[in-house]
Amino acid sequence: MELKNSWRPAKRIDVSQKFEFTSKYFRQKRIDAGMTQSELATALGFSSAQIVSNWERGVCAPPMASLRPMIKILKLDPEEVTDVITEENKRVLSELLTPRRASKSKRA
């Protein structure tokens, strides 16, 4: 059975809101550690601070491969990071999978 273009997302989520909580979380933890975006990027092996800026603006999430080193560098609790990411993903999935309510038209 072939599934040609049969799957379509039920809703679109504004990309800037997709990682809203995790972006704020990682930004605050970086600031608490006294690091700049550039310093964190360099410590993680990236050549530009743009990647950290993207995470902090919610454009994308940190790559999974960067999580363990970031936890160590920022001295984060791995369980807390797991909880933050899990809750964010639950929120995003809930928004995507919850059926939209039909809007009520105004009666004159």
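Residues numbered from 1 in each chain as written. Predicted model: local features only at pLDDT ≥ 70, side-chain atom pairs only at ≥ 80, totals over all residues. Heavy atoms only, no water.

**Student:** Just checking my understanding: could you explain the overall build of the protein chain for this structure?
**Tutor:** Scanning the protein chain from N- to C-terminus turns up six helices and zero strands. Across the protein chain, helices and strands are ordered from the amino to the carboxyl terminus as α-α-α-α-α-α. Classification of the 108 residues of the protein chain by burial places 26% in the buried group. A separation of at least 24 residues holds for 66% of the contacts in the protein chain among residues at least 6 apart in sequence. Surface accessibility of the protein chain: about 8400 Å² in total, with carbon and sulfur atoms responsible for 53%. (Helix = DSSP H or I, 4+ residues; strand = E, 2+ residues; numbered from the N terminus. Buried < 20%, exposed > 50% of the residue type's maximum accessible area, 1.4 Å probe, protein only. Contact = heavy atoms within 4.5 Å. Areas by Shrake-Rupley, 256 points an atom, 1.4 Å probe, with all protein chains shown as cover.)

**Student:** What should I look at first to understand the packing of aromatic side chains in this one?
**Tutor:** Two numbers describe a pair of aromatic rings. These are the distance of the centres and the angle of the planes. Using the criterion set out here, one finds two aromatic pairs in the structure. Judged by centre distance (5.3 Å) and plane angle (70°), the rings of Tyr 25 and Phe 26 are edge-to-face. Each member of the pair Tyr 25 and Phe 26 is classed as buried. With 6.0 Å between their ring centres and 80° between their planes, Phe 46 and Trp 55 make a pair best called edge-to-face. (Phe/Tyr/Trp six-rings, centres within 6.5 Å; stacked < 30°, edge-to-face > 60°.)

**Student:** Please clarify how helix α2 (residues 20–32) should be interpreted in this entry.
**Tutor:** Residue pairs spaced three or four apart in an α-helix point in one direction, given the helix's 3.6 residues per turn. Over its 13 residues, α2 extends 19 Å from the first C-alpha to the last, a length consistent with the 18 Å expected when each residue adds 1.5 Å. Looking only at α2, the buried set comprises Thr 22, Ser 23, Tyr 25, Phe 26 and Arg 30. Along the axis of α2, the buried residues cluster in a sector spanning 165°; they form a single face. Exposed residues on α2 whose side chains face more than 90 degrees from its buried face are Lys 24 and Asp 32. (Expected span 1.5 Å × (residues − 1). Arc of directions from axis to C-beta.)

**Student:** In this structure, what is going on with helix α6 (residues 78–97)? I would like to understand it.
**Tutor:** The end-to-end C-alpha distance of α6 is 28 Å, a good match for the 28 Å that 20 residues give at a rise of 1.5 Å each. Turning to α6, its buried residues number three or more, namely Val 81, Val 84, Glu 88 and Val 92. Buried residues of α6, seen end-on, are gathered within an arc of 65° and therefore sit on one face of the element. Exposed residues pointing more than 90 degrees away from the buried face of α6 are listed as Glu 79 and Leu 97.

**Student:** For this particular structure, what's the right way to read the side chain of Ser 23?
**Tutor:** Secondary-structure assignment places Ser 23 in helix α2. The class of Ser 23 is buried, set by a relative accessible area of 5%. Not counting the four nearest positions on each side in its chain, Ser 23 is found in contact with Trp 55, Glu 56, Arg 57 and Gly 58.

**Student:** I'm lost on the nonpolar core in this one. Help?
**Tutor:** The nonpolar side chains of soluble globular proteins are, as a tendency, buried together. Judged by nonpolar contacts, the single largest core of 15 residues is most densely connected at Tyr 25, Phe 26, Leu 40, Met 70, Leu 74, Leu 76 and Val 81. Mapped onto this core, the elements with two or more residues apiece are α2, α3 (37–43), α4 (50–56), α5 (64–74) and α6. Looking at this core element by element, the count peaks at four residues for α5. (Core = buried A, V, L, I, M, F, W, Y, C linked by side-chain atoms within 4.5 Å.)

**Student:** So what exactly am I meant to see when it comes to the packing of α2 against α6 here?
**Tutor:** Two quantities define a packed helix pair, namely the angle between the helix axes and the distance between the axes. Two numbers describe how α2 lies on α6: the axes approach to 8 Å, and their chain directions differ by 155°. Classed by the angle they form, the pair α2 and α6 counts as roughly antiparallel. Taken together, the residues of α6 that come into contact with α2 (itself represented by Glu 20, Phe 21, Thr 22, Tyr 25, Phe 26 and Lys 29) are Glu 80, Val 81, Val 84, Ile 85, Glu 88 and Arg 91. (Axes fitted to C-alpha atoms, helices over the stretch in contact; angles between N-to-C directions. Parallel < 35°, antiparallel > 145°, perpendicular 65-115°, else oblique.)

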